Amino acid sequence: MPRSDEEFERPEIIRPPSERSSYFLPLTRGCSNNTCAFCGYYGFKLGIRDVEDVKREIDALALFDKSRVALPSVPDIVYLVAEQWDRKRIFLQDGDALVYPYDKLVELLRYLNDKLPRLERVSTYATPQDILRRSREELETLRDLKLGILYTGVESGDDEVLKSIEKGATHAEMVEAGQKVKEAGILFSVTVILGLGGVEGSERHVAETARVLTEIDPDYAGALTLTLVPNTPLHEKTKRGAFHPIDPFQSLAELRDIVEQSSFSDCFFSSMHASNYFAIRGRLPGEKQRVLRQLDEVLAARNPGKLRPEFLRGL
């Protein structure tokens, strides 16, 4: 892990759609697992921000929240983000802020709670590996300090796919991580990626992804559609003809089958992310049949005009 006294460069804001009104507080830059073959963080060096630097930003944020005073020494981005902040939620950046040294993370969460009395919830991305490194007691301590939800990219339930993309975690480890989070009383939100198995691996990717979602039984689940990022191994593999991406309607068929084959206790499932060709949302199992009918209608019509055009798709 890099030293926190190295110069820290503030990351771009990458956040879950549901965190749009949060304040985005960087603790890290990049992701501790920088080997995922599809990801823009591939090969990206992890940066760890000094705890005192984070505290200075929290101080500036608290002052702005209380009196609308903006300090000239504080970057403009702090106040630009604060203008749209709901004053209730903080999202810890970057790709997996749970990798931040545990004692310092506890220290910063206590500091946030002390400086921001209206704070209701803190959230962050977390890799399965980082979750598994934490004990249940450690996660419960973080929960008591208002860490209320963790977002994790499961990507696929197929161990062959997970190995090929160098995810660094297996199907079983994904399930173990999810169970640990839920047992600690923290909400768990996961994402899976349509098309990650390619044409040849589509059927197994769907079946195993539905199985891992059923076994995790998350509070929230979101489907993204594979977007090939230049200079990543999967992009290069596609250019060589060694990986064959599915088409938009095959992507919707995967989404439909994952919804059909998954079994949840109470999960809000959506495909609202900008990478997707078609958006669905619903609470499963209660709205499962409505969501399936919606997807069946689009698949039967096969009208490209009903899909999000390529130029509007994003990461």
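As a reminder, the structure under discussion sits directly above these lines.
These numbers come from a predicted model, not from an experiment.

Draft legend 1. The arrangement of the nonpolar core in detail. Ranked by internal contacts, the top residues of the largest apolar core, which has 92 residues, are Ile90, Leu92 and Phe269. Those residues in contact with Phe269, other than ones at most four positions away along the chain, are Leu213, Ala221, Ala223, Leu255, Ile258, Val259, Phe264, Ile280, Arg281, Gly282 and Leu284.

Draft legend 2. Here's a closer look at the layout of surface pockets. The space that makes up the second largest pocket amounts to roughly 210 Å³. The wall of the second largest pocket is formed by 14 residues, among which Val161, Ser164, Leu196, Lys237 and Phe243 lie closest to the centre. Breaking the lining of the second largest pocket down by element, the ones donating at least two residues are α6 (159–164) and α9 (233–239). Across the lining of the second largest pocket, the residue classes tally to seven nonpolar, three polar and four charged.

Draft legend 3. Region of the structure containing the packing of aromatic side chains. What the rule picks out here adds up to seven aromatic pairs. Measuring from ring centre to ring centre gives 5.0 Å for Phe64 and Tyr79, while their planes differ by 50 degrees; the resulting arrangement is tilted. Residue Phe64 is located in helix α1 (residues 51–67), and its partner Tyr79 is located in helix α2 (residues 76–83); the two are separated by 15 residues in the primary sequence. Both residues of the pair, Phe64 and Tyr79, belong to the buried class. Plain terms: the ring middles of Phe91 and Tyr125 are 5.3 Å apart, the flat faces sit at 90 degrees to each other, and that makes the pair edge-to-face. Taken together, the positions of Phe91 in strand β4 (residues 89–93) and Tyr125 in strand β5 (residues 121–125) put the pair 34 residues apart, joining distant regions of the chain.

Draft legend 4. Examining the sheet that holds strand β9 (residues 267–270) more closely. Ordered by their spatial adjacency, eight strands build an open sheet running β1-β4-β5-β6-β7-β8-β9-β10, and the pairing between neighbours is mixed. Lying at the two open borders of the sheet, with one neighbouring strand each, are β1 (23–26) and β10 (281–284). The average angle at which neighbouring strand axes cross in this sheet is 25 degrees, direction not considered. Across the sheet, α1 is in contact with β1 and β4; its angle to β1 comes to roughly 160 degrees. Relative to the sheet, helix α8 (residues 202–216) contacts β6 (147–155), β7 (187–194), β8 (220–225) and β9, its axis offset from that of β7 by approximately 180 degrees.

Draft legend 5. Spotlight on helix α3 (residues 102–115). Taking 1.5 Å per residue as the helical rise, α3 with its 14 residues ought to reach 20 Å, and the 20 Å between its terminal C-alpha atoms agrees with that figure. Of all the positions in α3, only Tyr102, Leu105, Val106, Leu108, Leu109, Tyr111 and Leu112 are classed as buried. On its buried face, α3 is in contact with β1, α1, β4, β5 and α5 (136–144).

Draft legend 6. Region of interest: the side chain of Glu254. Its place among the elements puts Glu254 in helix α10 (residues 248–261). The exposure class assigned to Glu254 is buried, which follows from its relative accessible area of 2%. There is a polar contact of 2.7 Å between the side chain of Glu254 and the backbone nitrogen of Gly195. Ignoring any residue separated from it by four or fewer positions in sequence, one finds Glu254 in contact with Leu194, Gly195, Ser202, His205, Val206 and Ile246.

Draft legend 7. Main features of the packing of α1 against α3. At a minimum axis distance of 10 Å, the contact between α1 and α3 shows a crossing angle of 15 degrees. Relative to α3, α1 is oriented roughly parallel. Both α1 and α3 take part in a crossing whose hand is right-handed. Along the contact surface, α1 presents Val51, Glu52, Val54, Lys55, Ile58, Asp59 and Ala62, while α3 presents Lys104, Glu107, Leu108, Tyr111, Leu112 and Lys115.

Draft legend 8. View of the side chain of Arg87. Along the chain, Arg87 falls in the loop between α2 and β4. Here Asp65 takes part through its side chain, which lies 3.0 Å from a polar atom of the side chain of Arg87. At 2.9 Å, the side chain of Arg87 forms a polar contact with the backbone oxygen of Trp85. Excluding its chain neighbours within four sequence positions, the residues that come into contact with Arg87 are Phe64, Asp65, Arg68, Ala82, Arg118 and Leu119.

Draft legend 9. The environment of Phe44, seen in detail. As for its position among the elements, Phe44 is in the loop between β2 (28–29) and β3 (47–48). Note: C-alpha distance between Phe44 and Arg211 (167 residues apart in sequence) is 31 Å. The residues touching Phe44, leaving out its near neighbours within four places in the chain, are Arg29, Gly30, Cys31 and Asn34.

Draft legend 10. Summary view of unusual backbone geometry. Along the chain, Gln93 connects to Asp94 via a cis peptide bond; the corresponding omega equals 20 degrees. Turning to its location among the elements, Asp94 is positioned in the loop between β4 and α3. Look at the link from Leu284 to Pro285: it is a cis peptide, with omega at 15 degrees. Phi is positive for Arg87, close to 70 degrees, though the residue is something other than glycine. Although it is not a glycine, Lys146 sits at a positive phi angle of roughly 80 degrees. Looking at the secondary structure, you find Lys146 in the loop between α5 and β6. Judged by its relative accessible area of 29%, Lys146 is partly exposed.

Criteria and thresholds
- Residues numbered from 1 in each chain as written.
- Predicted model: local features only at pLDDT ≥ 70, side-chain atom pairs only at ≥ 80, totals over all residues.
- Heavy atoms only, no water.
- Core = buried A, V, L, I, M, F, W, Y, C linked by side-chain atoms within 4.5 Å.
- Buried < 20%, exposed > 50% of the residue type's maximum accessible area, 1.4 Å probe, protein only.
- Contact = heavy atoms within 4.5 Å.
- 1 Å grid on protein atoms, 1.4 Å probe; cavity = no way out; pocket = protein on both sides within 12 Å on 5 of 7 lines; lining within 4 Å.
- Points joined across faces, edges and corners; volume = space filled by probe spheres on them.
- Helix = DSSP H or I, 4+ residues; strand = E, 2+ residues; numbered from the N terminus.
- Nonpolar A, V, L, I, M, F, W, Y, C, P; charged D, E, K, R; others polar.
- Phe/Tyr/Trp six-rings, centres within 6.5 Å; stacked < 30°, edge-to-face > 60°.
- Pairing = 2+ DSSP bridges.
- Axes fitted to C-alpha atoms, helices over the stretch in contact; angles between N-to-C directions.
- Expected span 1.5 Å × (residues − 1).
- Polar contact = N/O pair within 3.5 Å; in protein donor to acceptor, adjacent residues only side chain to side chain.
- Parallel < 35°, antiparallel > 145°, perpendicular 65-115°, else oblique.
- Left-handed = near helix turned anticlockwise from the far one by under 90°.

Honestly, that's just the spatial picture; any functional story needs more than this.
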